[in-house]
Amino acid sequence: MNNETIVAISTAIGQGAISIVRLSGDQAIEIVNKFFPEKDLKNVSSHTVHYGHIVQNNQHIDEVMLTIFRSPKSFTTEDIVEINCHGGVFVASKILELMLEGGAISAKPGEFTERAFLNGRIDLTQAEAVMDIIEASSDLSLSLANKGLDGIIYNLITDLRSELLDIIAQIEVNIDYPEYDDVEVLTNDVLKPAISLLVKEIAQILEKAKVGKVIREGIKTAIIGRPNVGKSSLLNALLREDKAIVTEIQGTTRDIVEGQINIGGVILNLIDTAGIRQSQDKIERIGIDKAKAVIHDAQLVLFVIDNNAALTDDDKKLLKLTQHKKRIVIINKSDLDQELDVEFETSVQVSALNKTGIDKLEQKIKDMFLAGSINIGDQTYLSNARHIQKLKETKKALLDSIGSIHKAMPVDMVEIDLKDAWTLLGDIIGDNSSTALLDELFSKFCLGK
Ligand SMILES: Nc1nc2c(ncn2[C@@H]2O[C@H](COP(=O)(O)OP(=O)(O)OP(=O)(O)O)[C@@H](O)[C@H]2O)c(=O)[nH]1
Ligand SMILES: [Mg+2]
């Protein structure tokens, strides 16, 4: 528990209708009371709003509305006062200054949420979900973040943990009462299938997490091709905006041009690049190098070729360069006569000029990344990179334990990996005290044999 009362301006710094200065801690009400002469806040009830003025040396600093939340029914579980003042940078800073004078200390970034976690009101995944809500950039990512705040990820991990605990409990019982079970029977008939099942469940969650990651971060999409095939025209058609310069001159685009679109809730971060070819022009060459770097980082390559020309050597080189990427071949200029002399597996015919075929392209991208099956009602999609990493490590620890079983290692060796997996899952939700493990184990034993 932290005794110090923290304060911060909780709204964005800048002019606006209202700013909120927020305090949390034992002294929160007392500190604000010093500067709010119109009412004694010490005895007001929780969840009430109070009108009055923040006053310094008998001078009105601002007309405000105060909201009082008393411990434990608040975001941090501590006493909280929110001062709704006018949204000027100076006035909000002035009120902040008074609160510091009154005995509060400046909050660190995220400290209100950190306190909510440390005081046990939310787990780590919920604390992270608060940030995800703030950063959400589409309906789907917002919806995922809200599920996180509701505790969906917490429940998912807790369910896995409780399955794991059952397995560990079997071993503990066997170590305590070795005469009860034949160790070999235990490991091969009981532990191995149970651990394998858990690995399978985790593998499924990780598979779904790929979708979660796409929803959260968007898809880094590079538009690639030789000069003049219509890359910038395609970018503009997708963005429904004339963002990039389009001309009939080869080598029009030099620097990269970026834009973002939302297709069915999935964010596509589009990058238009310089047409790739051998060039003597110094600026164009830099652009071409950048384009190659973009290919390297891209999660999806939109490879544009000209329907009105036979495949060139430049096309062939670029096809080779992008062959290992997730790729859609875009046969552009489909309004002109077909001169193209090859067929591609994953291709879409478009005319960036006439804006035809664009919806087909969007559908293809959606199918490719969401496999056409995003069930928003289910939404146990892990999307946070930290959670995904920890879960991968958990899976590895479990596979290691199966490896130990195969090598006929002593059962307490198997248990070491299982306990590692337990700790890793605990890292996700921020619960890692080993006393908790023991307490839970103990309660399991009371129910079992
Ligand atoms: N007929 C027809 N012309 C098109 C189409 N798309 C683009 N063009 C024309 O092709 C020329 C080149 O288009 P851009 O979009 O600048 O091509 P780019 O691939 O970005 O070219 P660089 O930036 O030089 O690499 C322009 O004159 C466009 O108007 C299309 O679908 N049909
Ligand atoms: Mg261009």
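Attention in this report is confined to the structure presented alongside it. Computed from a predicted structure; not experimentally measured.

Thresholds applied
Residues numbered from 1 in each chain as written. Chains lettered and ligands numbered in written order. Predicted model: local features only at pLDDT ≥ 70, side-chain atom pairs only at ≥ 80, totals over all residues. Heavy atoms only, no water. Donors = N, O, S within 2.8 Å, 3.2 Å for Na, K, Ca; no water. Helix = DSSP H or I, 4+ residues; strand = E, 2+ residues; numbered from the N terminus. Buried < 20%, exposed > 50% of the residue type's maximum accessible area, 1.4 Å probe, protein only. Pairing = 2+ DSSP bridges. Near = heavy atom within 4 Å. Polar contact = N/O pair within 3.5 Å; in protein donor to acceptor, adjacent residues only side chain to side chain. Areas by Shrake-Rupley, 256 points an atom, 1.4 Å probe, with all protein chains shown as cover. Nonpolar A, V, L, I, M, F, W, Y, C, P; charged D, E, K, R; others polar. Contact = heavy atoms within 4.5 Å. Expected span 1.5 Å × (residues − 1). Arc of directions from axis to C-beta.

1. Structural notes on the coordination of the magnesium ion (ligand 2)
At step 1: In the first shell of the magnesium ion (ligand 2), the protein supplies S232 (OG) and T253 (OG1), at 2.0 to 2.1 Å from the metal. Highlighted residues: S232 in helix α8 (residues 231-239) and T253 in the loop between α8 and β8 (257-263), separated in sequence by 21 residues. For the pair shown, S232 and T253 are each scored as buried.

2. Some details on the sheet that holds strand β2 (residues 16-24)
At step 1: An order of β3-β4-β5-β2-β1-β6 is seen for the six strands of this open sheet, with the pairing classed as mixed. Each end of this open sheet is capped by a strand with a single partner; those strands are β3 (48-56) and β6 (105-106).

3. So, the site of ligand 1
At step 1: As a matter of local geometry, ligand 1 sits amid 23 residues, with K231, S233, G251, T253 and D335 nearest to it.
At step 2: At 2.9 Å from an oxygen atom of ligand 1 is found a main-chain nitrogen or oxygen belonging to G230.
At step 3: For ligand 1, the protein covers 90% of the area, taking 650 Å² as the surface of the free molecule.
At step 4: It is α8 that provides the largest number of residues to the shell around ligand 1, a total of three residues.
At step 5: Residues belonging to the shell around ligand 1 are distributed by class as follows: seven nonpolar, twelve polar and four charged.

4. Some details on the environment of I175
At step 1: By the element assignment, I175 lies in helix α6 (residues 152-176).
At step 2: Residue classification places I175 among the partly exposed positions, given a relative accessible area of 40%.
At step 3: Once the C-alpha coordinates of I175 and D159 are considered, the two residues, 16 residues apart in sequence, prove to be 25 Å apart.
At step 4: For I175, the residues in contact, after removing those within four places along its chain, are V411, D412 and E415.

5. Some points on helix α9 (residues 282-297)
At step 1: With 16 residues, α9 extends 23 Å between its outermost C-alpha atoms, agreeing within 8% with the 22 Å of an ideal straight helix rising 1.5 Å per residue.
At step 2: Among the residues of α9, E284, G287, I288, A291, V294 and I295 are the ones counted as buried. All buried residues of α9 lie within an arc of 115° about the axis, which places them on one face of the element. In α9, the exposed positions that point more than 90 degrees away from the buried face belong to K282, I286, D289 and H296.
At step 3: If you follow the buried residues of α9, they end up packed against β7 (219-224), β9 (266-272) and α10 (313-321).
At step 4: Capping of α9 at its N-terminal end is provided by D281; its side-chain oxygen lies 2.9 Å from the backbone amide nitrogen of I283.

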